[in-house]
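Descriptive structure summary
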Amino acid sequence: MKFSIKLVLSTMIVLALALGFSGFYFVNYVFETSLDREVGQALDESSILSFAFETAALNVPLKYSVLPDSVVEEIASKLEMGGQGGGRLLRIAGEEKNILYTSGGFTADEGLLPQTDQHTKSYRVIREQESYYVHTCVSINALNRILYLETMKDVTGVFTERAMGFSLYRKVTVVILLTGTVIMLFIASFLTKPIRLLTRATREMAAGDYTYRARQISRDELGQLTGDFNRMANALEDNICKLEEEIEAREEFMGAFAHELKTPLTAIIGYADMLRSHKLDEEKSILSANYIYTEGKRLEAMSLRLLDIIVAKQDEAKLQETSVGELFAYLQEMFAEKKDADIRFTHEETMVWMEANLIKTVLVNLIDNACKASEPGGMLAAGETEPAAEAAASGGKAGVIEVTGQTVDGGYRIAVRDYGIGIPEAEQSKIIKAFYMVDKSRARSKNGAGLGLALCAEILKIHHSKLQIESKEGEGSCFSFLLAPSARSN
Ligand code: ADP
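Residues numbered from 1 in each chain as written. Predicted model: local features only at pLDDT ≥ 70, side-chain atom pairs only at ≥ 80, totals over all residues. Heavy atoms only, no water.

Re a nonpolar patch on the surface
This is how the line gets drawn: In this analysis, a patch consists of residues with relative accessible area above 30% that form no salt bridge, clustered at 9 Å for like charges and at 5 Å for the nonpolar side chains Val, Leu, Ile, Met, Phe, Trp and Tyr. Residue-level accessible areas treat just the shown protein chains as cover; the underlying method is Shrake-Rupley with a 1.4 Å probe. What counts as a salt bridge is simple: a side-chain nitrogen of Lys or Arg found within 4 Å of a carboxyl oxygen of Asp or Glu. To qualify as a helix, a DSSP run of H or I must reach at least 4 residues; to qualify as a strand, a run of E must reach at least 2; elements of each kind are numbered from the N terminus. Think of it in three bands: with a 1.4 Å probe and only protein chains considered, a residue is buried below 20% of the maximum accessible area for its type, exposed above 50%, and partly exposed in between.
Residues Met1, Ile5, Leu9, Ile13, Leu17, Phe21 and Leu185 make up a contiguous nonpolar surface patch of roughly 740 Å² in combined accessible area. Mapped onto the elements of the fold, Met1 is located in the segment before α1 (3-57). On the basis of relative accessible area, Met1 is assigned to the exposed category, the value being 69%.

Printed below as a string of C-alpha cells:
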C-alpha cells in the first residue's frame, strides 16, 4: 500500500474515533441532562398531587374517622382529570399496597410499591412498548390513612431527541470523514512528493543514469534527505567516473603493453628462426645475434621500468626533510661525464620534504629526455643542418639544458628546461601515459618505451605533486614540479 494512502487511512481512523467518542459523549450528556430535568419535574408533580390529595381529603364529611375507599377513588379521579391535555396517569394503593384506583392507560407494573414507604419517594424510567415514562411513587397521609400515589410521565421525547442526535451526528461524521479524506489525499500527496522524487531519482540511477538528481522542494527533514541523497549521488558519480577512467587507462595500458611486447618479440623470433633454419655467413649471423641482443635488452629495460612503476604505485610515502643541495650535487656528478650536452645546474639552497632516491629517478628521467630532445638532429632529419631560423628560436641556446631549483608561491619548484624539439600541443597531455611516445620509431631507436614520464608521474603522486609541462614545438620544453618546503628551511 502506498505511503500516502497509509497516511490518509491512519488520519481518518483517528478522526473517526475522535468524532465518534466526542459525538457519543456530547449527545449522551444532553440526553442525561434532559432526562434528569424530566425526572425532577415528575417527582415535583407527584409531590404536588400528593399535597392536593391530602388537601382534598380535608373536605371529607366529619362522620368519617378514616378515609373511605370510595372517597379515595373520587379524589383520584378528580386529580386524574385535572391533568394538562386531559388525563393524568396515576394509581393509588392502600396501606397494604393493594390497588385502590388505576387510571386507564396506567400500564406500569407494581415494582416501585415495595421500595416506597411513608418517608421515601422513589422513581424509575420504564419502557412500555414504543414509549418511555418516568414512573414515580410517593406516600399520601390523608385522614388517618397512609396511601401510595404512583404517576407515569411520558418522556419519549427525550429518547427520541437522543436517537435524532445520534443520527445527526452520524451523518455529520460521514460528511466530515468524506471531505476530510479528499483534503487529506491532497495533503498526503503534497507531503509525500519529496519521497516520490527521491524514489524516481533512485530508479533512474539504478537504471544507469548517474547524472540524475532529485529535485529539492522543501527545507524540512525530507528536503535535507534529498540534499544528502544528491550529495551521495555526486560522490558516487565522481567515483564511478574515476573507476571508468581507471578501467579505460588500464585497457589502454594493456593494449600498449601488448603492442610494445610484440615489436621486439617479433624481431627476436624472426632472427632466431633465421639463425636456426638457414646456414648464414658469419657477418649475417653476427648481425642477427646483434638484433636479438638489442631487442632483448630493450625488453629487459622495459620490464625493469614497469617494475619501477608498480613499486612506485604501491609505495607508501616515506618523505624526509632533505637538502636540495645534496640532490643537485648528485645530479651534477652523475651528468658530469655527459660531454655531448651542456647541462647547467642552478638552485636555491633549502630543505624540502622528499624521498631523495625517487626524486633523483624523476630528475634523471627528465634530464635524459631533455638530452634526447636536444641531440643534434633531434629536430631535423639526418643530414640536415640547423637552419638559422630555428637557431634563433632557441635564442642561441640549442643543446643547453637548464636544471633549476627555486622557492616559489606554493612550494619549491624544480624545473628541467631544454631548447630541443619541443612537443606538439595535442601530444602534451598524452605523454605521461604509459607507452606513449610522440615519435615511436625515434623513441625506440633511443631505447625508449614511453614509460619514463609515467614513472615520474607515479613518484610525484607520492609527493602529492604533479608534473607541469610547458612546451612549444621547435622551441623546447620545460618539465617542472613542486615539492613541499620543510619548516627548517626558514
Ligand atoms: P621514453 O622512454 O620514450 O623517453 P617517456 O615517458 O620518458 O618515454 O617520454 C614519452 C615521450 O614524450 C617520449 O617518447 C618523447 O616523445 C616525449 N618527450 C619526453 N620528454 C621530452 C622532451 N623534453 N622534449 C620532447 N619530447 C619529449
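Next comes the rest of the account.
Some details on the sheet that holds strand β7 (residues 342-347)
The condition is simple: Whether two strands pair comes down to DSSP finding at least two bridges between them. Only C-alpha atoms enter the line fits that serve as axes; for helices the fit covers just the stretch in contact. Angles between N-to-C directions range over 0 to 180 degrees.
Read from one edge to the other, the open sheet built from five strands follows the order β7-β9-β10-β12-β11, with strand pairing classed as mixed. Of all strands in the sheet, those bounded by a partner on one side alone are β7 and β11 (468-472). Neighbour-to-neighbour, the strand axes of the sheet open up by a mean angle of 15 degrees, direction not taken into account. With eight bridges connecting them, strand β9 (residues 400-408) and strand β10 (residues 411-418) associate as antiparallel partners. By the bridge assignment for β10, Thr404 is matched with Ala415.

Overview of unusual backbone geometry
The phi dihedral of Leu143 falls on the positive side, at around 40 degrees, and the residue is not glycine. Secondary-structure assignment places Leu143 in the loop between β4 (131-142) and β5 (145-154). In this structure, Asn144 takes a positive phi of about 60 degrees despite not being glycine. Tracing the sequence through the fold places Asn144 in the loop between β4 and β5. The exposure class assigned to Asn144 is exposed, which follows from its relative accessible area of 64%.

Quick notes on the sheet that holds strand β2 (residues 99-102)
Here is the rule: By definition in these notes, contact holds between two residues if any of their heavy atoms fall within 4.5 Å.
Strand order in the open sheet formed by five strands is β2-β1-β5-β4-β3, and the pairing between neighbours is antiparallel. Whereas interior strands pair on both sides, the edge strands pair on one side only; in this sheet they are β2 and β3 (122-128). Sheet twist, expressed as the mean angle between neighbouring strand axes with direction ignored, is 20 degrees. Direction of pairing for β4 relative to β5: antiparallel, over a ladder of ten bridges. Note that in β5 the partner of Ser139 across the bridge is Tyr148. Against the sheet, α1 touches β1 (90-93), β3, β4 and β5, its axis set at about 30 degrees to β4.

Let's talk about the site of the ligand
How we decide: A single heavy atom is enough: if one lies within 4 Å of a molecule or strand, its residue is considered near that molecule or strand. Identification of polar contacts relies on pairs of N or O atoms within 3.5 Å, with a donor-acceptor requirement for protein atoms, meaning one able to donate a hydrogen and the other able to accept it, and with residues adjacent in sequence counted only if both atoms are side-chain atoms. Three classes are used: nonpolar for Ala, Val, Leu, Ile, Met, Phe, Trp, Tyr, Cys and Pro, charged for Asp, Glu, Lys and Arg, and polar for all others, with Gly counted as polar.
Around the ligand sit 21 residues in total, of which Asn369, Asp418, Val438, Gly450 and Leu453 are the nearest. Between the ligand and the protein, one listed contact pairs an oxygen atom with a side-chain N or O atom of Lys372 at 3.5 Å. Take Gly450: an N or O atom from its main chain is 3.2 Å from an oxygen atom of the ligand. Considering the ligand on its own, with 530 Å² of exposed area, one finds that the protein chains cover 92% of that surface. Mapped onto the shell around the ligand, the elements with two or more residues apiece are α8 (356-374), α12 (452-462) and β12 (476-483). Tallying contributions element by element places α8 first for the shell around the ligand, with four residues. For the shell around the ligand, the per-class residue count stands at 13 nonpolar, six polar and two charged.

A short note on the confidence of the model for the protein
Basically, it comes down to this: pLDDT runs from 0 to 100 and stands for how confident the predictor is about each residue.
Across the protein, the average pLDDT comes to 88, with 93% of residues at 70 or higher. Every residue in residues 379-390 scores below 50 in pLDDT, and together they form eleven contacts with partners more than four places removed in sequence or on other chains.

Let's talk about the side chain of Thr151
Inspection of the secondary structure assignment puts Thr151 in strand β5. A distance of 2.3 Å separates a polar atom in the side chain of Thr151 from a polar atom in the side chain of Thr136.

Side note on the packing of aromatic side chains
Filter applied, for reference: Pairing of aromatic rings covers Phe, Tyr and the six-membered ring of Trp, with a centre-to-centre limit of 6.5 Å; geometry is then stacked below 30 degrees between planes, edge-to-face above 60, and tilted otherwise. Whether a charge sits over a ring comes down to the Lys NZ or Arg CZ being within 6 Å of the ring centre and within 35 degrees of the ring normal.
This model, assessed by the stated rule, comprises six aromatic pairs. Taking the centre distance of 5.7 Å and the plane angle of 10 degrees together, the rings of Phe24 and Phe166 count as stacked. Linking Phe24 in helix α1 with Phe166 in helix α3 (residues 156-191), this pair joins segments that are 142 residues apart in sequence. Ring plane angle 70 degrees and centroid distance 4.9 Å describe the contact between Phe31 and Phe159, whose orientation is recorded as edge-to-face. Taken as a pair, Phe31 in helix α1 and Phe159 in helix α3 lie far apart in primary sequence, 128 residues in all. By relative accessible area, Phe31 is classed as buried at 7%. On the basis of relative accessibility, which here comes to 14%, the residue Phe159 falls in the buried class. Three or more aromatic residues joined by ring pairs form one cluster here, namely Phe31, Tyr132 and Phe159. Directly above the ring of Tyr148 sits Lys97, whose terminal nitrogen or CZ lies 4.8 Å from the centroid. Lying over the aromatic face of Phe31, Arg162 brings its terminal NZ or CZ to 4.1 Å of the ring centre.

A look at the side chain of Thr192
Residue position: Thr192 is located in the loop between α3 and α4 (193-206). A polar contact is formed between the side chain of Thr192 and the backbone oxygen of Ser189, at a distance of 3.5 Å. Apart from the residues within four sequence positions on either side, Thr192 is in contact with Phe3 and Ser4.

Concerning α3
Formally: Every helix has an expected span of 1.5 Å times one less than the residues it contains.
In this model α3 runs 50 Å from its N-terminal to its C-terminal C-alpha over 36 residues, within 8% of the 52 Å that 1.5 Å per residue would give. Thr156, Val158, Phe159, Gly165, Thr173, Gly180, Met184 and Ala188 are the residues of α3 that are buried.

Things to note about the pairing of β9
Walk down a regular strand and you will see the side chains alternate between the two sheet faces. Two elements, β7 and β9, share six bridges in a ladder whose sense is parallel. Its bridge partner being in β9, Thr346 is matched across the sheet by Thr404. Taken together, β9 and the strand that follows it, β10, pair antiparallel across an intervening segment of two residues, in which Gly410 is found at a positive phi of about 95 degrees.

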